[in-house]
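Chain residues, written in single-letter form:
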Amino acid sequence: MRTWGGRTVEVLALENGFLWKDQHYTSLTSIAVAVTGARWSGPRFFGLTRHA
């Protein structure tokens, strides 16, 4: 979940991708680009980090 431009962007993680606004996406990056209109790293946009 992320707030962008005053609206909440909520994504559901599936076994084979992601669901946003009743559409299937294969990556978080493609959702981030659709939301912002600019090239973003999906994990970075949604605030995900790697743990060692």
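Up top you'll find the structure we're talking about.
Cut-offs used in this document
Residues numbered from 1 in each chain as written. Predicted model: local features only at pLDDT ≥ 70, side-chain atom pairs only at ≥ 80, totals over all residues. Heavy atoms only, no water. Helix = DSSP H or I, 4+ residues; strand = E, 2+ residues; numbered from the N terminus. Buried < 20%, exposed > 50% of the residue type's maximum accessible area, 1.4 Å probe, protein only. Phe/Tyr/Trp six-rings, centres within 6.5 Å; stacked < 30°, edge-to-face > 60°. Lys NZ or Arg CZ within 6 Å of the ring centre and 35° of its normal.

A.B. asks: Looking at this structure, I do not really get the environment of R44. What am I missing?
C.D. replies: Of note, R44 is situated in helix 2 (residues 42-45). Accessibility expressed as a relative area gives 66% for R44, which makes it exposed. Separated by 10 residues in the primary sequence, R44 and A34 place their C-alpha atoms 15 Å from one another.

A.B. asks: Help me understand the packing of aromatic side chains in this model?
C.D. replies: Given two aromatic rings, one states the distance between the centres and the angle between the planes to describe the pair. Overall, the coordinates contain five aromatic pairs when judged by the stated rule. Aromatic pair W4 and W40: ring centres 5.8 Å apart, planes at 85°, arrangement edge-to-face. Separated by 36 residues along the polypeptide, W4 in strand 1 (residues 2-4) and W40 in the loop between helix 1 (28-36) and helix 2 bring together distant segments of the chain. With a relative accessible area of 26%, W4 lands in the partly exposed category. Residue W40 is classed as partly exposed on the basis of its relative accessible area of 25%. Ring centres 4.9 Å apart and planes at 90° place the aromatic pair F45 and F46 in the edge-to-face group. For F45, a relative accessible area of 1% corresponds to the buried category. Judged by its relative accessible area of 11%, F46 is buried. Every member of this aromatic cluster is reached through a ring pair, and the members are W4, W40, F45 and F46. Taking the ring centre of W40 as reference, the NZ or CZ of R2 above it sits at 5.7 Å. R2 extends its terminal NZ or CZ atom over the ring of F45, reaching a point 4.4 Å from the ring centre.

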